[in-house]
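Structure assessment
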Amino acid sequence: MDLGIQGRWALVCAASKGLGKGCAQALVGEGVNVVVTARGEPALQATAAELRALNPAVQVRAVAGDITTPEGRAAALAACPQVDILVNNAGGPPPGDFRDWDRAAWIKALDANMLTPIELIRATLDAMAERGYGRIVNITSGAVKAPIDVLGLSNGARTGLTGFVAGLARQPRAASRNVTINNLLPGPFDTDRLRATMVGAAQKSGQPLEAVMEARRKLNPTQRFGTPAEFGAACAFLCSVHAGYINGQNLLIDGGGYPGTF
Ligand code: NAP
């Protein structure tokens, strides 16, 4: 299927690794020019080189910076001639107990996982509407639908974003101009972040890492973790011309891990 987005420009945040990288790869594969961001320059440049090799016909710009800061967002936006597609992403907050989280911890989580995507939407939405095309995909978490006890900062901050987006996506001013906003809710995906969580669990339980990972895989109906490529393909479809009537949705990509009928 031709996704009909060749030649468009996408800003894919936090994309040197993992799910963001999977999204950038899928979009570049569809002929979309991309600006990719991350804080660490070496991994970002390596990813940019991979993306250029994947599709030499597209432009790939790498902007090193912290997307949760005003400077990081300004640099990312400045590098993108026009943002037709915005993929919001940033690192997730650390696990822990809410008794240990002070105001500063909450503000950090809110900045990264709620306010940064809202700021980037604010910077791009009206211009998308004027041009008559826009696709915004927020990478959130399955924790929005089924909270994960140790990830209270994530549960809280991401649910705030989800509530805000639910209202914004339904405002006709942008929706009637072919601008959609949707959230992708990952379950367990095989990325550095997941592995780091598993390393922590292995150390805590005294079990070998592979045993902890296998037990986690077995909890999922598919008996495996998802891949960044699978995640990226879903993102690219939401960004496509074919997805213009999918708006304001929360799409869980978790291999059926969430046990509800809906
Ligand atoms: P990952 O493999 O650790 O990759 C994170 C990427 O984001 C890296 O490129 C990282 O590069 C970049 N990044 C992190 N913080 C950033 C910041 N402040 N500014 C710019 N770039 C930043 O993580 P992932 O598994 O892809 O997770 C992506 C998001 O999905 C996270 O919010 C995570 O909590 C959420 N999620 C993941 C899973 C899963 O199973 N993987 C499940 C549910 C939710 P630098 O470190 O160099 O900046």
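To start, this report covers the structure provided alongside it.

Considerations on the overall build of the chain
Scanning the chain for helices and strands turns up nine helices and seven strands. For the chain, the C-alpha radius of gyration of 18 Å lies close to 18 Å, the compact-globule estimate for 262 residues. For the chain, the C-alpha atoms occupy an extent of roughly 55 × 40 × 40 Å along the three principal directions. Taking all 262 residues of the chain together, the buried fraction comes to 47%. Residue pairs at least 24 apart in sequence account for 75% of intrachain contacts in the chain once pairs closer than 6 positions are excluded. When the accessible surface of the chain is split by element, carbon and sulfur atoms take 57% of a total near 12,500 Å². Here the chain contributes 25 positive and 21 negative side-chain charges, whose respective centroids are spaced 3 Å apart.

Some remarks on the site of the ligand
The full set close to the ligand counts 28 residues, and Ser16, Leu19, Arg39, Ala90 and Thr191 are the nearest of them. Separating an oxygen atom of the ligand from a side-chain N or O atom of Ser16 is a distance of 2.6 Å. Relative to its free-state accessible area of 880 Å², the ligand is covered by the protein chains to the extent of 88%. Elements with a contribution of two residues or more to the shell around the ligand: helix H1 (18-29) and helix H7 (192-205). The leading source of residues in the shell around the ligand is H7, at three residues. Residues belonging to the shell around the ligand are distributed by class as follows: 10 nonpolar, 12 polar and six charged.

Here's the deal with the sheet that holds strand S2 (residues 33-38)
On the basis of which strands lie adjacent, the open sheet formed by seven strands has the order S3-S2-S1-S4-S5-S6-S7 and parallel pairing. Two strands close off the open sheet at either side, each with one partner strand: strand S3 (60-64) and strand S7 (250-253). Neighbour-to-neighbour, the strand axes of the sheet open up by a mean angle of 15 degrees, direction not taken into account. Both strand S1 (residues 9-12) and strand S4 (residues 85-88) contribute to a ladder of three bridges, which runs parallel. Pairing of Ala10 across the sheet is with Ile85, part of S4. Relative to S1, H1 is tilted by about 170 degrees, and along the sheet it contacts S1, S2, S4, strand S5 (134-139) and strand S6 (179-186). Most of the contacts of helix H2 (residues 41-54) go to S3, to which it runs at about 175 degrees, and overall it touches S2 and S3.

Quick word on the environment of Asp102
Relative to the assigned elements, Asp102 resides in the loop between S4 and helix H4 (103-131). In terms of polar contacts, Asp102 uses its side chain to reach the backbone amide nitrogen of Ala105, at 3.0 Å.

So, the pairing of S1
Residues Trp9 and Leu11 point to one face of S1 and Ala10 and Val12 to the other, with burial holding for every one of them. Pairing geometry for S1 and S2, over four bridges, is parallel. Across the sheet, Trp9 pairs through a bridge with Asn33, a residue of S2. Once you follow S1 into H1 and on to S2, the crossover reads as right-handed.

Section: the side chain of Asn138
With respect to the helices, strands and loops of the structure, Asn138 is situated in strand S5. Engagement of the side chain of Asn138 in a polar contact is seen with the side chain of Asn88, the distance being 2.8 Å.

Conventions and cut-offs
Residues numbered from 1 in each chain as written. Predicted model: local features only at pLDDT ≥ 70, side-chain atom pairs only at ≥ 80, totals over all residues. Heavy atoms only, no water. Helix = DSSP H or I, 4+ residues; strand = E, 2+ residues; numbered from the N terminus. Rg over C-alpha atoms; globule rule 2.2 N^0.38 Å. Buried < 20%, exposed > 50% of the residue type's maximum accessible area, 1.4 Å probe, protein only. Contact = heavy atoms within 4.5 Å. Areas by Shrake-Rupley, 256 points an atom, 1.4 Å probe, with all protein chains shown as cover. Lys, Arg positive; Asp, Glu negative; His and termini not counted. Charge placed at Lys NZ, Arg CZ, Asp CG, Glu CD. Near = heavy atom within 4 Å. Polar contact = N/O pair within 3.5 Å; in protein donor to acceptor, adjacent residues only side chain to side chain. Nonpolar A, V, L, I, M, F, W, Y, C, P; charged D, E, K, R; others polar. Pairing = 2+ DSSP bridges. Axes fitted to C-alpha atoms, helices over the stretch in contact; angles between N-to-C directions. Right-handed = clockwise from strand over helix to strand, strands pointing away.

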